[in-house]
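If you want the building blocks of each chain, they are given just below.
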Amino acid sequence: MLKVCKFGGTSMANADSLKKVKDIITADKSRKYIVVSAPGKRNKQDTKVTDTLYKCFDEVVSTGSCKESFKFIRERFIGIVEDLGLDFDVKSVLDKTESDIAEKKSKDFTASRGEYLSAIVTAEFLGAKFIDAEDIIRFDSQGKLNEEYTDDKVKTKLNGVEFAVIPGFYGKDSFGNIKTFSRGGSDITGSIIARGVKADLYENWTDVSGFLVCDPRIIPDSKAIDKLTYRELRELSYMGAQVLHSEAIFPVMKGKIPINIKNTFSPEDKGTMIVPTELSGDEPENVITGVAGKKGFTVIYIEKNLMNAEVGFIRKVLSVIEHHGLGVEHLPSGIDTLSVVLESEQLKNGLLNDIVNEIRESVNPDYIHVIENISLIATVGHGMARRRGTAAKIFTALAEEGINIKMIDQGSSELNIIIGVLNSDYEKCIKAIYNAFIK
Ligand code: ADP
Ligand code: ASP
Ligand code: MG
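Bear in mind the structure is a predicted one, so any value in this text is a computation, not a measurement. (Residues numbered from 1 in each chain as written. Chains lettered and ligands numbered in written order. Predicted model: local features only at pLDDT ≥ 70, side-chain atom pairs only at ≥ 80, totals over all residues. Heavy atoms only, no water.)

**Student:** I tried to follow the overall build of the chain on my own but got confused; where do I start?
**Tutor:** When its secondary structure is counted, the chain shows 14 helices and 15 strands. A globule of 439 residues ought to have a C-alpha radius of gyration of about 22 Å, and the chain, at 24 Å, matches this closely. Considered along the principal axes of its C-alpha atoms, the chain spans approximately 75 × 55 × 40 Å. Burial statistics for the chain: of 439 residues in total, 53% are counted as buried. In the chain, of all internal contacts separated by at least 6 residues, the share reaching a separation of at least 24 is 74%. (Helix = DSSP H or I, 4+ residues; strand = E, 2+ residues; numbered from the N terminus. Rg over C-alpha atoms; globule rule 2.2 N^0.38 Å. Buried < 20%, exposed > 50% of the residue type's maximum accessible area, 1.4 Å probe, protein only. Contact = heavy atoms within 4.5 Å.)

Printed below as a string of structure tokens:
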């Protein structure tokens, strides 16, 4: 049995959490390769090390040094090393890091130092070997992961290594510069290492007891999901359930390595098992598996009689959007209607107006209307395809709460139903769906 374990920011936050991490690792000899995040928040008011590093970068750009912002980084790591009672000269490592940040003036390099320092300290504490992600993870000239090179490096660098700590979140680009994944990317690093060493299990240790049916900030006592398939996970994480980075699934997919989401602060809880597919005859306990959502969308609703008979109609609408370099989030359509769902963030400075006018000119619709401040909420689950009336149950639950549905999109896989409601109804909508199916 071989396990790769990734520990998130809260697990790395202070000496107490690091002691819990050590107990977890020493309890099971198969936990050999440990991927770590930068220290996260110790309490609600605290700041994540990575966020402060982005400030360090801004300070370097405006003043040439990061003396002020780096003080916080210094205090955090010195505090951890002292509280753990380690005989390790972290001050020299911090001095060198501070001057490297000032010299390199690179945003990604600066941000990556949280994971780098965290892994060095954790390796010291665990008595494990530190293996730098920059020697393993490689991006190509387009900024995509170079899978072949990376896989090969994981194998050669870890071959014969019994116990190692690897920093998450970054690798090197094709020019040899440090490059990070997007925020939360240590989950991806863990997945890459798990695939490279052909692990039996990828354990992802965080601060909640698994993937919960709903965001616990909306439903504090939300139940945890026992078992989730890769596809369900992808839908939920893409739609905003941030427990696991939405791209973390891809590296383990090929090797069909299961992921176990576990809680560092309650390690006996079994957490959530994420598996390649459902086993046949495996009837899900609930009709729905999870609910996730995101705020901040705009819907452009277009009506034109006989739209479907008009060759190239959808292409013309989409080419307007493409022309502005934007991506489309969803595209629900009816016989004579089409809705284009876009992230509001990318429509600032009059762009929305331009797009609507260009669509008008291009396809001459009977009616075009913009709905702003929309949230998208996805109800996900393999069980929905087998049981009738799921959509009706959602709509009834929302109607009873007086929530107005602005848009509906049922994926052709019958794995999800996405609805659009006003941002102001977002929390209420998630609660209504949870109560209708889970409680
Ligand atoms: P880590 O630092 O360990 O990577 P994250 O903060 O990235 O942890 O992810 C864990 C957090 O995700 C939880 O503390 C919780 O607030 C949030 N979260 C959002 N949606 C869900 C969900 N459906 N299930 C569990 N946690 C969720
Ligand atoms: N430290 C990085 C972040 O805060 C990466 C991670 O924690 O996964 O986004
Ligand atoms: Mg995370």
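**Student:** Help me out: how do you make sense of the site of ligand 2 in this one?
**Tutor:** Inspection of the region around ligand 2 gives S37, T50, E115, F169, R183, G184, G185 and S186 as its neighbouring residues. E115 is positioned with one of its side-chain polar atoms (N or O) 2.7 Å from a nitrogen atom of ligand 2. G184 places a main-chain nitrogen or oxygen 2.8 Å from an oxygen atom of ligand 2. Taken by itself ligand 2 offers 270 Å² of open surface, and the protein chains cover 91% of this. (Near = heavy atom within 4 Å. Polar contact = N/O pair within 3.5 Å; in protein donor to acceptor, adjacent residues only side chain to side chain. Areas by Shrake-Rupley, 256 points an atom, 1.4 Å probe, with all protein chains shown as cover.)

**Student:** Would you mind showing me how to read the packing of aromatic side chains here?
**Tutor:** For any two aromatic rings, the description comes down to two numbers: the centre-to-centre distance and the angle of the planes. For the coordinates displayed, the defined rule picks out 4 aromatic pairs. With centroids separated by 5.8 Å and ring planes inclined at 15°, the aromatic side chains of F7 and W205 adopt a geometry described as stacked. Here F7 is found in strand β1 (residues 3-7), whereas its partner W205 is found in strand β7 (residues 201-206), with 198 residues between them in sequence. Of the two residues examined, F7 and W205, each falls in the buried class. Across from the ring centre of Y170, 5.4 Å away, lies the NZ or CZ of R113, which sits over that ring. We note K294 situated over the ring of Y238; from NZ or CZ to the ring centre the distance is 4.6 Å. (Phe/Tyr/Trp six-rings, centres within 6.5 Å; stacked < 30°, edge-to-face > 60°. Lys NZ or Arg CZ within 6 Å of the ring centre and 35° of its normal.)

**Student:** Teacher, can you tell me more about the site of ligand 1 here?
**Tutor:** As a structural note, the neighbourhood of ligand 1 is formed by 16 residues, with K6, G9, T206, D207 and L212 the closest of them. Here an oxygen atom of ligand 1 sits 2.8 Å away from a polar atom, N or O, in the side chain of D207. A distance of 3.1 Å is found between an oxygen atom of ligand 1 and a side-chain nitrogen or oxygen belonging to Q242. Expressed as a share of its isolated accessible area of 570 Å², the protein-covered part of ligand 1 is 86%.

**Student:** What is the right way to read the side chain of T150 from this model?
**Tutor:** Here T150 lies in helix α6 (residues 147-158). Residue T150 is classed as buried on the basis of its relative accessible area, which comes to 1%. Within the structure, the side chain of T150 is placed 2.7 Å from the backbone oxygen of N146, a separation counted as a polar contact. Contact partners of T150, with chain neighbours within four places excluded, come to I136, I137, R138, L145 and I192.

**Student:** Explain the layout of surface pockets to me, please; I cannot follow it from the model alone.
**Tutor:** One way to see where empty space is left: roll a probe the size of a water molecule over the atoms. One number sums up the size of the largest pocket: a volume of about 1200 Å³. K48, T206, D207, Q242 and V243 are, among the 45 residues lining the largest pocket, the residues nearest its centre. Counting only elements with at least two residues in the lining of the largest pocket, the list comes to α7 (186-196), β7, α8 (230-238), β11 (290-303) and α14 (426-437). Looking at the lining of the largest pocket residue by residue, the classes come out as 17 nonpolar, 18 polar and 10 charged. (1 Å grid on protein atoms, 1.4 Å probe; cavity = no way out; pocket = protein on both sides within 12 Å on 5 of 7 lines; lining within 4 Å. Points joined across faces, edges and corners; volume = space filled by probe spheres on them. Nonpolar A, V, L, I, M, F, W, Y, C, P; charged D, E, K, R; others polar.)

**Student:** Honestly, the sheet that holds strand β8 (residues 227-229) in this entry has me stumped. Any pointers?
**Tutor:** Through backbone hydrogen bonds, the strands of a sheet pair up, either in parallel or in antiparallel fashion. Spatially, the 8 strands line up as an open sheet ordered β3-β4-β2-β1-β7-β9-β10-β8, and their pairing is mixed. Each of the sheet's edge strands pairs with one partner strand only, and the pair in question is β3 (129-130) and β8. Sheet topology places β8 next to strand β10 (residues 272-275); 3 bridges connect them, and they run parallel. Paired with L228 across the bridge in β10 is I274. Each of β2 (31-36), β3 and β4 (164-167) touches helix α5 (residues 107-126); the most contacted strand, β4, lies at about 170° to it. (Pairing = 2+ DSSP bridges. Axes fitted to C-alpha atoms, helices over the stretch in contact; angles between N-to-C directions.)

**Student:** Explanation requested: the environment of N204 in the structure shown.
**Tutor:** Within the secondary structure layout, N204 lies in strand β7. In the structure, N204 is positioned 124 residues away from I80 in sequence and 22 Å away in space, judged by C-alpha atoms. Not counting residues within four places of it along the chain, the set of residues in contact with N204 comprises K6, D187, L244, I259, N260, I261 and K262.

**Student:** Please clarify how a nonpolar patch on the surface should be interpreted in this entry.
**Tutor:** On the surface, a cluster of nonpolar side chains totalling about 190 Å² of accessible area is made up of I314, V328 and L331. Residue placement: I314 occurs in helix α10 (residues 313-323). (Patch = residues over 30% accessible without salt bridge, like charges linked within 9 Å, V, L, I, M, F, W, Y side chains within 5 Å. Salt bridge = Lys/Arg side-chain N within 4 Å of Asp/Glu carboxyl O.)

**Student:** What is the right way to read the packing of α6 against α7 from this model?
**Tutor:** In a packed pair of helices, the relevant descriptors are the angle between the two axes and the axis-to-axis distance. Interhelical geometry of α6 versus α7 gives an angle of 70° and a closest axis separation of 9 Å. By the angle class used here, α6 and α7 are roughly perpendicular. As for the relative orientation of α6 and α7, their crossing is right-handed in sense. Listed contacts from α7 to E147, T150, D151, V154, K155 and L158 of α6 are I192, I193, R195 and G196. Here the contact of α6 with α7 is built from residues that sort into 4 nonpolar, 2 polar and 4 charged. (Parallel < 35°, antiparallel > 145°, perpendicular 65-115°, else oblique. Left-handed = near helix turned anticlockwise from the far one by under 90°.)

**Student:** I keep staring at helix α1 (residues 15-26) and nothing clicks. Help me out?
**Tutor:** Between its first and last C-alpha atoms α1 spans 16 Å; for 12 residues at 1.5 Å apiece the expected length is 16 Å, and the two agree. Looking at α1, one finds that the buried residues are A15, S17, L18, V21, I24 and I25. Looking at the buried residues of α1, the elements they touch are β1, β2, α3 (67-84), α5 and β7. Measuring from the backbone nitrogen of D16 back to the side-chain oxygen at the start of α1 gives 3.2 Å, which picks out N14 as the cap. (Expected span 1.5 Å × (residues − 1).)

**Student:** Just to check I follow, could you spell out the sheet that holds β11 for this structure?
**Tutor:** Read across the sheet, 5 strands follow the order β12-β11-β13-β15-β14 without closing on themselves; strand pairing throughout is antiparallel. Each edge of the sheet is formed by a strand with only one pairing partner; in this case those strands are β12 (337-343) and β14 (407-410). Between one strand axis and the next, the sheet turns through 35° on average, direction left out of account. In this sheet, strand β15 (residues 416-422) lies alongside β14 in antiparallel orientation, the contact comprising 4 bridges. Within β15, the residue paired with M407 across the bridge is G420. Packed on one face of the sheet, α8 meets β11, β13 (367-380) and β15 and runs near 70° to β11.

The values reported here are purely geometric and, on their own, carry no functional implication.
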